[in-house]
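# Descriptive analysis of the structure
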Amino acid sequence: MNFQLTEEQEMLRKMVRDFAKNEVEPTAAERDEEERFDREIFDKMAQLGLTGIPWPEAYGGIESDFVSYVIAVEELSRVCASTGVTLSAHISLASWPIYKYGNEQQKKTFLTQLAQGEKLGAYALSEPGAGSDVASMKTTAKKDGEEYVLNGSKVWITNGGVGDIYVVFAKTDTDANHKGISAFIVEKGTPGFTFGKKEKKLGIRSSPTTELIFENCRIPAANLLGEEGEGFKIAMTTLDGGRNGIAAQALGIAQGALDASVAYAKEREQFGKPIARNQGISFKLADMATSVEAARLLTYQAAWLESEGKPYGKASAMAKLYAGDASMRVTIEAVQVFGGYGYTKDYPVERYMRDAKITQIYEGTNEIQRLVIGRMLTTE
Ligand code: CAA
Ligand code: FAD
């Protein structure tokens, strides 16, 4: 067993850490306050090759691996969880299904544009009445000659509005439950495709979360991803890996909160000594650090399994479940370590705490992760 990162992975970590510190952290609080997405940050990530980390050079990627990918999401989330999820949704949710299920033409066109960061990706599965229960979705896609006609709406879409390429799930057969779902590539600007409400959120406020509306939206039949009826499988297998991106986001948030807490506990004095010298605080820091390490091991392991071509769905669900819960615990404790100052916007820990909550909710709530893991344990 080897827990050592490769030289390439270490170099990527250093590059992303420097980028995050210099280009992302300085505006993180301000973008959070203003609920402002900054496309320039995404464009700079593209220049560094981050938007195509795991994809082959033939499709515009840098042909690295999934461990490097989770390291990038972790390092970005360490300073700004919104930027972390922008990249995570772009790579694991929008690009992955095109890489895995797209035909050569779709990969050459759409995957290349995504990998090079020329276009920003999004993944549209959830609907007002179909969150955890994906199969109950109502959006339809009706074949009409060489086109499909989409009708319905999607909610909560990360990178919604600012994204250019959307992987959208809709029912081509409304009588076939999950077997009637198909996946499509829909480009921004297609007539009949508009954006609705932009959510006002507790956390990840500089990551836009937006409603998508389809009204007789005609897309080329060539934009069907995979086969008709294969959409549920495409959605689930995409989430198998996507969940590990969220584990990495949760890990980064927790690491950021831990770093800030350790520094503050060493510096803040009460009763004539640094608060870190109280066992009540140092035990808290010890528990926080242990949770962060455990989250990292689960996350890296799931990414490694994916890179090795081994089954990773259960490992990824476990990583997301553990890292999400750990991130929430750690960030709550971080605010406690900072006392009253932690409750203000003078320090980043209140933002970390608000951001951590979403990692227990999206890409399948942590109750759903338990359901997924439980089913795998009892059916494998
Ligand atoms: N891989 C391959 N096939 C799978 C699969 C997987 N991971 N999971 C299920 N399937 C297959 C099953 O084997 C079954 O196959 P058959 O048709 O042969 O029977 C079929 O799919 C139906 O499976 P289930 O009976 O398990 O389906 P279900 O309706 O009970 O739902 C669920 C299962 C796991 C709860 C699923 O609905 C789910 O994952 N819900 C959560 C939704 C979610 O995570 N949404 C995230 C949206 S994206 C997001 O949030 C973005 C962001 O964070 C940025
Ligand atoms: P519900 O499914 O209504 O669940 C409500 C509660 O009931 C939860 O606690 C849940 O765990 C519990 N519950 C439901 N079913 C069960 C069960 N069987 N067993 C036990 N407990 C259960 N979706 C996308 O498609 N693309 C995106 O890019 C995207 N980004 C998002 C970004 C944000 C900021 C948010 C908030 C959501 C995003 N989502 C996205 C949607 C997200 O995946 C859903 O919110 C999530 O899957 C839960 O669905 P729901 O909100 O409808 O909750």
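Figured I'd write up the structure that's included with this text. (Residues numbered from 1 in each chain as written. Chains lettered and ligands numbered in written order. Predicted model: local features only at pLDDT ≥ 70, side-chain atom pairs only at ≥ 80, totals over all residues. Heavy atoms only, no water.)

On to helix H10 (residues 366-379), then. For H10, spanning 14 residues, the distance from its first C-alpha to its last is 20 Å, which sits close to the expected 20 Å at 1.5 Å a residue. Burial in H10 covers these residues: Asn366, Ile368, Gln369, Val372 and Ile373. For H10, the buried positions fall inside an angular range of 155° around the axis, keeping them on one side. Exposed residues lying more than 90 degrees from the buried face of H10 are Glu367, Arg375, Thr378 and Thr379. Elements in contact with the buried residues of H10: helix H6 (231-267) and helix H8 (313-338). (Helix = DSSP H or I, 4+ residues; strand = E, 2+ residues; numbered from the N terminus. Expected span 1.5 Å × (residues − 1). Buried < 20%, exposed > 50% of the residue type's maximum accessible area, 1.4 Å probe, protein only. Arc of directions from axis to C-beta. Contact = heavy atoms within 4.5 Å.)

Our next topic: the site of ligand 1. Among the 22 residues in the neighbourhood of ligand 1, the closest are listed as His178, Lys179, Arg243, Glu363 and Arg375. Here an oxygen atom of ligand 1 and a backbone polar atom of glutamate 363 are 2.7 Å apart. Arginine 375 is positioned with one of its side-chain polar atoms (N or O) 2.6 Å from an oxygen atom of ligand 1. Against a free-state accessible area of 1100 Å², the protein chains account for coverage of 69% of ligand 1. For the shell around ligand 1, the secondary structure elements donating two or more residues are helix H4 (81-101), H6 and H10. Here the shell around ligand 1 is built from residues that sort into 10 nonpolar, 7 polar and 5 charged. Taken domain by domain, the makeup of the shell around ligand 1 includes at least three residues from each of domain 2 (122-229) and domain 3 (232-378). (Near = heavy atom within 4 Å. Polar contact = N/O pair within 3.5 Å; in protein donor to acceptor, adjacent residues only side chain to side chain. Areas by Shrake-Rupley, 256 points an atom, 1.4 Å probe, with all protein chains shown as cover. Nonpolar A, V, L, I, M, F, W, Y, C, P; charged D, E, K, R; others polar. Domains from an automatic or database assignment.)

Attention shifts here to the side chain of serine 88. With respect to the helices and strands, the residue serine 88 is situated in helix H4. When its relative accessible area of 1% is taken as the criterion, serine 88 is described as buried. Beyond its immediate stretch of four places on either side in the chain, serine 88 contacts Tyr69, Val73, Leu93, Gly242, Gly245 and Ile246.

Positionally, glutamate 228 belongs in the loop between strand S8 (224-225) and H6. Sequence-wise, glutamate 228 and isoleucine 361 are 133 residues apart; in three dimensions their C-alpha atoms are separated by 29 Å. Dropping the residues within four chain positions of it, glutamate 228 is found in contact with Lys143, Tyr148, Thr172 and Ser182. Only 2.6 Å separates the side chain of glutamate 228 from the side chain of tyrosine 148, close enough to count as a polar contact.

This next bit is on the site of ligand 2. Lining the immediate surroundings of ligand 2 are 19 residues, of which Ser126, Ser132, Trp156, Thr365 and Glu367 lie closest. Here an oxygen atom of ligand 2 sits 2.9 Å away from a polar atom, N or O, in the main chain of leucine 125. The side chain of glutamate 367 places a nitrogen or oxygen atom 2.7 Å from an oxygen atom of ligand 2. When isolated, ligand 2 has an accessible area of 970 Å², and the protein chains bury 65% of it. Contributions of two or more residues to the shell around ligand 2 are made by strand S1 (121-124), strand S3 (147-158) and H10. Take the shell around ligand 2: its biggest share by element is 3 residues, from S3. Mapped onto the domain boundaries, the shell around ligand 2 takes at least three residues apiece from domain 2 (122-229) and domain 3 (232-378).

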